[in-house]
Amino acid sequence: MPLDVPTAIAQRRSIKTFKPNPISPDTLQYLLELTVAAPSSFNTQSWRIILVQDEAKKAALAEASWGQQQITQAPVTVVFAADTSAGEGDLSAIYESGLATGAWTEATVNYFKSAIPQFQTTLGEKRREYAIKDAIIAATHLMLAAESLGLATCPMNGWIEEKVKAVVGLSDRPEIAIALLVPVGYAAEPRKNPGRLPLSANVFVDQFGTPFGE
Ligand SMILES: Cc1cc2nc3c(=O)[nH]c(=O)nc-3n(C[C@H](O)[C@H](O)[C@H](O)COP(=O)(O)O)c2cc1C
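Scope of this entry: the structure provided in the associated data block. (Residues numbered from 1 in each chain as written. Predicted model: local features only at pLDDT ≥ 70, side-chain atom pairs only at ≥ 80, totals over all residues.)

## Quick word on the overall build of the chain
Put simply, the test is: A run of H or I in DSSP counts as a helix once it spans at least four residues, and a run of E counts as a strand once it spans at least two, with each numbered from the N terminus.
What the chain contains, in helices and strands, is nine helices and four strands. Put simply, the chain runs from its N terminus to its C terminus through helices and strands in the order α-α-β-α-α-β-α-α-α-β-α-β-α.

## Section: the pairing of strand β4 (residues 176-185)
This is how the line gets drawn: With C-beta atoms placed from the backbone, a residue is labelled by how many other C-beta atoms lie within 10 Å of its own: buried for 20 or more, exposed for 12 or fewer, partly exposed between the two. Here, a strand pair is defined by DSSP locating no fewer than two bridges between the strands.
Burial analysis of β4 places ten of its ten residues in the buried class, the great majority of the element. Two strands pair when backbone bridges link them, and strand β2 (residues 76-83) and β4 are joined in this way by eight bridges, in the antiparallel orientation. Directly across from Ala81, in β4, lies its bridge partner Ile178. Two elements, strand β3 (residues 152-153) and β4, share two bridges in a ladder whose sense is antiparallel.

## Looking at the site of the ligand
The condition that has to hold: Being near a molecule or strand means, for a residue, that its C-beta atom, positioned from the backbone, comes within 6 Å of it. Under this grouping Gly is polar, as are all residues other than the nonpolar Ala, Val, Leu, Ile, Met, Phe, Trp, Tyr, Cys and Pro and the charged Asp, Glu, Lys and Arg.
In the vicinity of the ligand, the contacting residues are Arg13, Ser14, Lys16, Gln68, Cys154, Pro155, Met156, Asn157, Gly158 and Pro194. Partitioning the shell around the ligand into residue classes produces four nonpolar, four polar and two charged.

## Regarding the packing of helix α5 (residues 92-101) against helix α6 (residues 106-123)
This is how it is decided: Axes here refer to lines fitted to C-alpha atoms; in helices the fit is confined to the stretch in contact. Angles between the N-to-C directions go from 0 to 180 degrees. Any angle that is under 35 degrees is reported as roughly parallel, and any over 145 degrees as roughly antiparallel; angles of 65 to 115 degrees are reported as roughly perpendicular and all others as oblique. Whether a crossing is left-handed or right-handed is set by the direction in which the near helix is turned from the far one by less than a right angle, anticlockwise for left-handed and clockwise for right-handed. Any residue pair is listed as a contact if its two C-beta atoms, each placed from the backbone, are within 7 Å.
Put simply, α5 and α6 touch, their axes get as near as 10 Å, and they point 160° apart. The angle between α5 and α6 places the two elements in the roughly antiparallel class. Where α5 crosses over α6, the handedness of that crossing is right-handed. Residues Tyr95, Gly98 and Leu99 of α5 form the contact with α6, whose participating residues are Thr108, Val109 and Phe112. Grouping the amino acids of the contact of α5 with α6 by side-chain chemistry returns four nonpolar, two polar and no charged.

## Some remarks on the nonpolar core
Formally: To define a nonpolar core, we join buried Ala, Val, Leu, Ile, Met, Phe, Trp, Tyr and Cys residues through C-beta atoms within 7 Å and take the resulting set.
Of all hydrophobic cores here, the largest spans 44 residues; its most connected members are Phe80, Ala81, Ala135, Ala179 and Val182. Elements represented by at least two residues in this core include exactly β1 (47-52), α3 (55-63), β2, α7 (127-148), α8 (161-167) and β4. A total of nine residues in this core trace back to one element, the largest contributor, which is α7. In contact with Ala81, other than residues within four places in its own chain, are Arg48, Ile50, Ala135, Leu170, Ile176, Ala177, Ile178 and Ala179.

Written out as structure tokens, the structure is:
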């Protein structure tokens, strides 16, 4: 029985040691379906998700991440990449899906056909930042879904982008950025919570500086 969302959120911790146990194909499939259920800007789904399972590739990824061993210990390390050019490509499959489900009308699709390229142009250098937002939200879905399914994860920012790109075959793709690495597997350590600041420290009401709850 999967954990409910509040329980998964409360229980999730960044796990640094994993058991060697594999993730079953069915669980992995379900986890990925829940991951790509994440929202994205205009539903462009600009995340590019690479599952690294090969032992030599995991070792190379760990080397690109200052030797962080959770990458080699976990059966799968998920590389969340972000395609900054997603809004410029062929979006017909996305439009067809929105029409087929009834979520979008022809008018919505026609609006998107002009709005998306226009938005991309306006973004300019911020395209990277915007694509990374989509990828990070998907990574968050993965982390909470994994927790719910009995797995553990560790979000990771500690790596050298060019080296990670080389490992996963993205060296010649300047339009694709690396957003986050997430080892996934079964925890080999207790879930110890480093705690959080009180809400009043960084949640505000109406304007910055008016603490929540005071
Ligand atoms: C964007 C991001 C990058 C992180 N990078 C690393 C990392 O490279 N290595 C690592 O061991 N933990 C990494 N962490 C995990 C944090 O240290 C951890 O989330 C924090 O200490 C709070 O612990 P908790 O996740 O168990 O609540 C990262 C977390 C985030 C959100």
